[in-house]
Amino acid sequence: MPVTSVEKDLDQLTITIVADFPVPLRRLWDAYTDPRQIERFWGPPTYPATFYRHDALTGGRSVYAMTGPEGDTHYGCWDWTSTDAPHAFEVLDSFSDAAGVPNADLPTTRMDFAFEETPGGSRLKTTSYFGSLHQMQQLIEMGMLEGTRQAMAQIDQVLADLASFAADHLAEAQILSDTQVRVARVIRGTVDQVWRAHNDAALMKRWLLGPDGWSMPVCEIATAVGDSYRYEWQRDGGEERFGFTGELLESVEPHRAVTTEAMIGTDFPATLNELTLTEVEGGTLLSLVITYANAEQRDAVLATGMTGGMETSYQRLEGLLQPTLA
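Predicted model, so just to flag it, every value in this text is computed and none were measured. (Residues numbered from 1 in each chain as written. Predicted model: local features only at pLDDT ≥ 70, side-chain atom pairs only at ≥ 80, totals over all residues. Heavy atoms only, no water.)

A. Focus on the overall build of the protein. Helix and strand counts for the protein come out as nine helices and 16 strands. Computed over its C-alpha atoms, the radius of gyration of the protein comes to 21 Å, within 12% of the 20 Å expected for a compact globule of 326 residues. Referenced to the eigenvectors of the C-alpha coordinate spread, the extents of the protein come out at roughly 75 × 45 × 35 Å. Considering the protein as a whole, with its 326 residues, one finds that 47% of them fall into the buried category. Put simply, of all contacts in the protein between residues at least 6 apart along the chain, 48% involve residues at least 24 apart. Surface exposure of the protein reaches about 15300 Å², of which carbon and sulfur atoms provide 51%. One way to put it: in the protein the 23 positive side-chain charges average out to a point 5 Å from where the 47 negative ones average out. (Helix = DSSP H or I, 4+ residues; strand = E, 2+ residues; numbered from the N terminus. Rg over C-alpha atoms; globule rule 2.2 N^0.38 Å. Buried < 20%, exposed > 50% of the residue type's maximum accessible area, 1.4 Å probe, protein only. Contact = heavy atoms within 4.5 Å. Areas by Shrake-Rupley, 256 points an atom, 1.4 Å probe, with all protein chains shown as cover. Lys, Arg positive; Asp, Glu negative; His and termini not counted. Charge placed at Lys NZ, Arg CZ, Asp CG, Glu CD.)

This is the structure we're talking about:
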């Protein structure tokens with residue numbers, strides 16, 4: 001059990017939980033900032049979490065759901081107010097709806113996460129600040145303390161499972177819901193390098209090619225919110241061609257970009273693509289959450305071998321970045 005102390009301060013309206021772990025500081029930090037990892041322990045065992053968005057940066061947002069044994073789903077969101085990697089971050093934790101809109105009828109808690117090295121590994125001190133004694137008692141009665149203990153008891157297993165999140169792990173697609181898929185891959189390169197690789201047309205034409213045997217004759221970048229982009233690929237030595245177009249809806253350089261994406265020449269519904277880049281041990285975690293119109297469209301796209309093509313492209317990208325990092 002990693003939790004070593006729990007302290008309630010009724011005067012300061014705080015609850016402080018201290019937990020110790022036999023892993024380096026960076027490993028523990030990554031467990032909280034990588035959506036693939038935090039969702040394995042943020043909810044208690046009977047209410048596992050799914051993170052649909054997780055921006056580990058000041059001004060970022062996280063949206064998650066915890067699903068109970070009877071299929072009941074409870075949503076929450078974080079508003080990231082400060083970050084100091086890998087030592088501390090602070091969020092406002094709220095109950096919310098599925099879109100991440102906070103529920104004004106339930107308390108919002110300010111949570112401060114402080115990470116520090118110890119002789120045996122690392123320590124996490126989580127301090128929750130409440131707006132009133134009533135709010136504090138309300139959340140305790142809702143099972144906050146016991147749920148937190150149960151959730152943190154799962155972290156050791158996640159920390160031990162380094163292979164699933166290491167830089168040599170291939171791109172994988174995880175189904176988040178009936179309409180959403182997350183593709184994640186650690187790219188050996190800095191956040192700035194990976195961002196540039198997605199916004200420099202000359203560079204994109206060298207790596208964003210999928211399987212061998214294709215070229216990218218058209219690469220028109222959307223440089224500002226509201227701009228449109230257009231990408232087209234053509235099979236070498238043939239006339240087979242396809243492409244995508246869409247609009248840049250949101251851009252927070254160098255960490256987050258949100259676009260629509262529609263296949264040129266078809267009437268398939270456009271998808272919503274949310275790209276997030278997070279610094280982790282070994283490089284940059286690329287997380288792409290794709291929202292489809294329905295489960296049928298989601299499954300049809302996955303069946304095309306999309307993830308394998310993306311992995312080939314990411315390997316090609318790493319090959320371009322490695323000389324720069326040397």
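That shown, we press on.
B. Spotlight on the sheet that holds strand β13 (residues 241–252). Strand order across the open sheet formed by eight strands is β9-β10-β16-β15-β14-β13-β12-β11, with antiparallel pairing between neighbours. Both edges of this open sheet fall to β9 (172–175) and β11 (214–220), since each of them pairs with a single strand only. The mean inter-strand angle of the sheet, taken between neighbouring strand axes irrespective of direction, is 25 degrees. The pairing of strand β10 (residues 180–187) with strand β16 (residues 283–291) spans eight bridges and is classified as antiparallel. The residue of β16 that forms the bridge with Gln-180 is Thr-291. (Pairing = 2+ DSSP bridges. Axes fitted to C-alpha atoms, helices over the stretch in contact; angles between N-to-C directions.)

C. Local environment of the packing of aromatic side chains. Under the counting rule described, the total for this entry stands at 24 aromatic pairs. Here the aromatic rings of Trp-42 and Phe-113 are separated by 6.5 Å at their centres, their planes lie at 45 degrees, and the arrangement is tilted. Taken together, the residues span a long stretch of sequence, with Trp-42 in the loop between α2 (35–38) and β3 (49–54) and Phe-113 in strand β7 (residues 109–118) at a distance of 71 residues. In this pair, the class of Trp-42 matches that of Phe-113, namely buried. Judged by centre distance (6.1 Å) and plane angle (40 degrees), the ring pair of Trp-78 and Phe-89 falls under tilted. (Phe/Tyr/Trp six-rings, centres within 6.5 Å; stacked < 30°, edge-to-face > 60°.)

D. The arrangement of the sheet that holds strand β8 (residues 121–129) in detail. Strand order in the open sheet formed by eight strands is β1-β2-β8-β7-β6-β5-β4-β3, and the pairing between neighbours is antiparallel. In this open sheet, the two strands that pair with only one neighbour each are β1 (3–9) and β3. Within this sheet the neighbouring strands show an average axis-to-axis angle of 20 degrees, counted without direction. One ladder, built from six bridges, connects β1 with strand β2 (residues 14–21); its direction is antiparallel. By the bridge assignment for β2, Ser-5 is matched with Val-18. The strands touched by helix α1 (residues 25–33) are β2, β3, β5 (73–84), β6 (88–96), β7 and β8; relative to β7, the strand with the most contacts, the crossing angle is about 155 degrees.

E. Here's a closer look at the pattern of salt bridges. Counting across every chain of the model gives 22 salt bridges. The salt bridge partner of Arg-36 is Asp-34, with a shortest N-O separation of 2.8 Å. Note that Arg-298 and Asp-299 form a salt bridge whose closest N and O atoms lie 2.8 Å from each other. Residue Arg-298 is classed as buried on the basis of its relative accessible area of 9%. The exposure class assigned to Asp-299 is partly exposed, which follows from its relative accessible area of 37%. Connected via shared salt-bridge partners are Arg-53, Asp-55, Glu-250, Arg-256 and Glu-274. (Salt bridge = Lys/Arg side-chain N within 4 Å of Asp/Glu carboxyl O.)

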